[in-house]
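Survey of secondary and tertiary structure
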There are 2 protein chains.
Amino acid sequence: MTKSALQIARAAYQPKVPKTLLGSVSIKEGGATASLSDQEELKALFPNTYGMPILEFVKSDTKETYAPINVGVILSGGQAPGGHNVIAGLFDGIKNMNKDGRLYGFILGPGGLVNHDYKELTADIIDEYRNTGGFDIIGSGRTKLESKEQFDKGLEILKKLNISALVVIGGDDSNTNACVLGEYYKSIDAGVQVIGCPKTIDGDLKNEMIETSFGFDTACKVYSEVIGNIQRDCNSARKYWHFIKLMGRSASHIALECALQVQPNVCIVSEEVEAKNQSLEDVVNYIADVVAQRSALGNDFGTVLIPEGLIEFIPAIKKLMEELNDYLAHHEEEFKRIKRSAQREHIISQLSPVNASIYKSLPEVVARQLTLDRDPHGNVQVSLIETEKLLAEMVGTRLDQLKAAGDYKGKFATQVHFFGYEGRCAAPSNYDADYCYSLGYTAAGLIGAGKTGYMSSVRNTTAAAEKWIAGGVPITMMMNMERRHGEMKPVIKKALVELQGAPFQTFASERASWAMETAYIYPGPIQYFGPTEVCDQPTKTLQLEQNK
Amino acid sequence: MTKSALQIARAAYQPKVPKTLLGSVSIKEGGATASLSDQEELKALFPNTYGMPILEFVKSDTKETYAPINVGVILSGGQAPGGHNVIAGLFDGIKNMNKDGRLYGFILGPGGLVNHDYKELTADIIDEYRNTGGFDIIGSGRTKLESKEQFDKGLEILKKLNISALVVIGGDDSNTNACVLGEYYKSIDAGVQVIGCPKTIDGDLKNEMIETSFGFDTACKVYSEVIGNIQRDCNSARKYWHFIKLMGRSASHIALECALQVQPNVCIVSEEVEAKNQSLEDVVNYIADVVAQRSALGNDFGTVLIPEGLIEFIPAIKKLMEELNDYLAHHEEEFKRIKRSAQREHIISQLSPVNASIYKSLPEVVARQLTLDRDPHGNVQVSLIETEKLLAEMVGTRLDQLKAAGDYKGKFATQVHFFGYEGRCAAPSNYDADYCYSLGYTAAGLIGAGKTGYMSSVRNTTAAAEKWIAGGVPITMMMNMERRHGEMKPVIKKALVELQGAPFQTFASERASWAMETAYIYPGPIQYFGPTEVCDQPTKTLQLEQNK
């Protein structure tokens, strides 16, 4: 593999780790824990792994000795910067306990476990991937580990390779499944521990004990870099409104973090739109008003950040989509026979009056997307809806009305952008490189201590890395019961943006001035070699949350 | 203005300059020069500025003294990283000659000169903008300085401010106009010198004496960063073909440079498509063949780089667009009265058979774009055509054919991207920060030496900055006569990608292996503080050109 100069220089970076992880460690146990809610149901579902104590690694005077341990590792779901460092930390941690321990990677995600597709990750391979982005060391995949058949099939290869612990690097669903798997292996005395690691750029896997999911820091910094560059262009050319959609499934953490980093003129936060029961029209009118007010000051340019999941958080649109999903599930063949140019009118005639009127108000392209692009479950594929174009077009229409009424005299020209794939595989920032390596090293420690059903936890990460607190959190502690596909399931509660939290409150208190003034900040690209205030800062979200 | 940590740290960077510019300098003059062609016409058009010698600054033992000089500066056209450093170098150069010299910036481009909209750029202001991206210090604009009325109006404010030299920072057209302006002021003894500086991310303003236009280095590095990240994602998820369009008006320098930096599976070079008289179908089939061959190796993923100007370089499409432009120029009203759903058929009925058949083969969205989005001159707005979607869709159609014929068994899922605004205003790389500062400082030197009609020239830039060669090139030397809007005009010859040049030849010799292997390179973000091999490398294009 040919490497860039930066890859070569960056390979030498030694991630910073909590001081307590170096040398001999022992474990301090907290009291018994309880799940977020639904305690009785969860206790019944996880008789062997419910209620375990929170663990914290502390310095020890006595050096433990360990037998060699063979460990398997799986990358699950979408890429996030730092995955390779979790694996490197895990590898170093295993080798530190006993140099004869081995690490096996399952290929292309959880499917690799079930299909017995694996490779041993030796020191040579690990060294090629230290501090790099991507999941390409073993690949990732979206197979869900949910059934007893999968668990048993996986156990065959684990036994064959003498693997006594499995580390699942994934988001909320993957960690839920890791816990189910750990519970199952414990219930049958399989002799395989399961440990999770909190991954997702979306930032929606976090709670009291998990400060942040890895990759969120790097991804937001890459998006903020390019948004900052666009803002500088916007402020130099002074002729475009840039509508910028940002990846991040449902939660708006990414959009909010980027807003805190770059101070755009507008940032929509889905959770607020839902809480205030806003309509699409409300969102459009809000943006149009900012455009008109800036125009009155002579500024016919600006930036609007839009979270990918917005459309689903607008209660009225959500209802429309539900009715559309339902209608098309039952009338797909009939609908397909209708001439393309007549489809829109047909849909309008079939919907309830309220939804018909909303559907009518949508631009043609989006209306079509809502009826055409369906996922295997028959649902609209929200990520394919070009919300950035939808809003740009509807704001334009609204401005035409304002102009006709004499309330707006400006020019409105737009550019649209969508950033997602640019950030998921960037080389990890120092923060993510350190955090991920520490998570992996901590996972090895939990394995050495014989634990299962835990998530690797590294806290206090706004302090210097040596002061970080490493340990384990029982996964059941983060769970509640939720309805999924019509069934009540144990799941790790997804963290949406808290409207009372410091990050949103800070944004809310500043946004009126950001809208009118041109208060852009230009963060620039992630730096790996410069002064610490440039290279080692955590996200604004985390800084604000921890200062509260 | 709130600044990011990087902006604050980067402000202290002291650009590296050629050793000959420091201390006392004198000028070494070459022999008389001639234009590229059309020597007699150009000599007649530029009686005062034609044929001047090439100038080179050399160390001198005697310290010159200068009277204070007031200078005006204009940013013309699209943004390019480093513009602020040209201005900072110019400022420092003027002050170095005599601390009482002043610098005035004309606001929002050449229009500021004509409209007498300006501000003095004092040390405080300059210091705020050192090493930053963007043109926001005074803004830029696209007004063309072409008429005597504009020149005379501009002279009024120049005289009022006692400005004896004007620096125009712009691309090929702006520098041509700068030369026309310089010639005019000289012909009327206005006492105002005009100096140009070579700017454009497109990289198409270059020749024997101008190695590269500033901004090309930084912009290509930003695009290569995000393409590299996408490639890492592509290689981790292994399920998408990414079609990535890159800014760069007509020439393919940006796409080619990015290809050399990231080693994608496919990169289309417009100049080659034209030279080989390829059809759109040829381009589509080439990409589809690569997709099919990779698929046979088990790799249903990849990356395709597409230069923005591609569509105009396909001879057959160019002819189609000419006929469409012509038809719509004469039948616009009639066409607009036709029902939208019938427009396509109508167009097909009006075109010549060859063009009708090509038009018929285009996906609906693109066919519509070709008839709808016209610029003020009645031409198709090529930059609005989503070539990346066009190719992704047509490759999909071609693969369906291959599948039906049993020649392809893979899955083809696509993601599309367009990068342009992300790179034009990035903070300049060390190369661009140094190069731009040197260009500005050199421009001040040319002013001090009483020159006009010159472009600031800094060469030998693949060597260490202290060895760079600074001087001036008579702008007429880069000119020829070309037909523009039906009239023969003096213009600086645009540099397209040379198919015999080392950059293209290197690409051409590697592309077959890049197509089949997954040879991606991940350049990562621009670094400002690290080791020199990471921070100070010029573009691959320049390195290859200078090693030839």
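Notes on the structure in this doc start here. These numbers come from a predicted model, not from an experiment.

Attention now goes to the overall build of chain A. Helix and strand counts for chain A come out as 22 helices and 15 strands. Taking 2.2 N^0.38 as the reference for a compact globule, 548 residues should give roughly 24 Å; the C-alpha atoms of chain A span a radius of gyration of 25 Å, in line with that estimate. Across its three principal directions, the C-alpha atoms of chain A cover 80 × 55 × 50 Å. When each of the 548 residues of chain A is scored for burial, the buried share is 61%. Restricting to contacts in chain A with at least 6 residues of sequence separation, those with at least 24 account for 78%. Roughly 20800 Å² of accessible area belongs to chain A as shown, and the carbon and sulfur atoms make up 49% of that amount. Computed over 57 positive and 67 negative side-chain charges, the inter-centroid distance for chain A is 2 Å.

Further remarks concern the pairing of strand β2 (residues 55-59) of chain A. Residues and elements named next belong to chain A. In this sheet, β2 lies alongside strand β1 (residues 25-29) in antiparallel orientation, the contact comprising five bridges. Its bridge partner lying in β2, V25 is registered against K59. Sheet analysis places β2 next to strand β13 (residues 469-474), joined by two bridges and oriented antiparallel. Among the inter-strand pairings, E56 is bridged to a residue of β13, identified as G471.

Time to look at the sheet that holds strand β7 (residues 193-198) of chain B. Residues and elements named next belong to chain B. Across the sheet, which stays open at both edges, the nine strands sit in the order β1-β2-β13-β12-β7-β6-β3-β4-β5 with mixed pairing between neighbours. Of all strands in the sheet, those with a lone pairing partner are β1 (25-29) and β5 (118-120), marking the two edges. The sheet shows a mean angle of 30° between the axes of neighbouring strands, taken without regard to direction. Pairing between strand β4 (residues 102-106) and β5: three bridges, direction antiparallel. Bridge pairing in β5 links Y104 to E120.

Time to look at the interface of chain A and chain B. Taken together, the contact between chain A and chain B spans 58 residues of the former and 58 residues of the latter. Summing both partners gives a buried area of about 4400 Å² for chain A against chain B, and 54% of it is carried by carbon and sulfur. Counting across the chain A and chain B interface gives six salt bridges. For the salt bridge of D233(A) with R424(B), the shortest nitrogen-to-oxygen distance reads 2.7 Å.

Analysis parameters
- Residues numbered from 1 in each chain as written.
- Chains lettered and ligands numbered in written order.
- Predicted model: local features only at pLDDT ≥ 70, side-chain atom pairs only at ≥ 80, totals over all residues.
- Heavy atoms only, no water.
- Helix = DSSP H or I, 4+ residues; strand = E, 2+ residues; numbered from the N terminus.
- Rg over C-alpha atoms; globule rule 2.2 N^0.38 Å.
- Buried < 20%, exposed > 50% of the residue type's maximum accessible area, 1.4 Å probe, protein only.
- Contact = heavy atoms within 4.5 Å.
- Areas by Shrake-Rupley, 256 points an atom, 1.4 Å probe, with all protein chains shown as cover.
- Lys, Arg positive; Asp, Glu negative; His and termini not counted.
- Charge placed at Lys NZ, Arg CZ, Asp CG, Glu CD.
- Pairing = 2+ DSSP bridges.
- Axes fitted to C-alpha atoms, helices over the stretch in contact; angles between N-to-C directions.
- Buried area = accessible area lost by both parts, 1.4 Å probe.
- Salt bridge = Lys/Arg side-chain N within 4 Å of Asp/Glu carboxyl O.

Shape descriptors only; they carry no functional weight alone.
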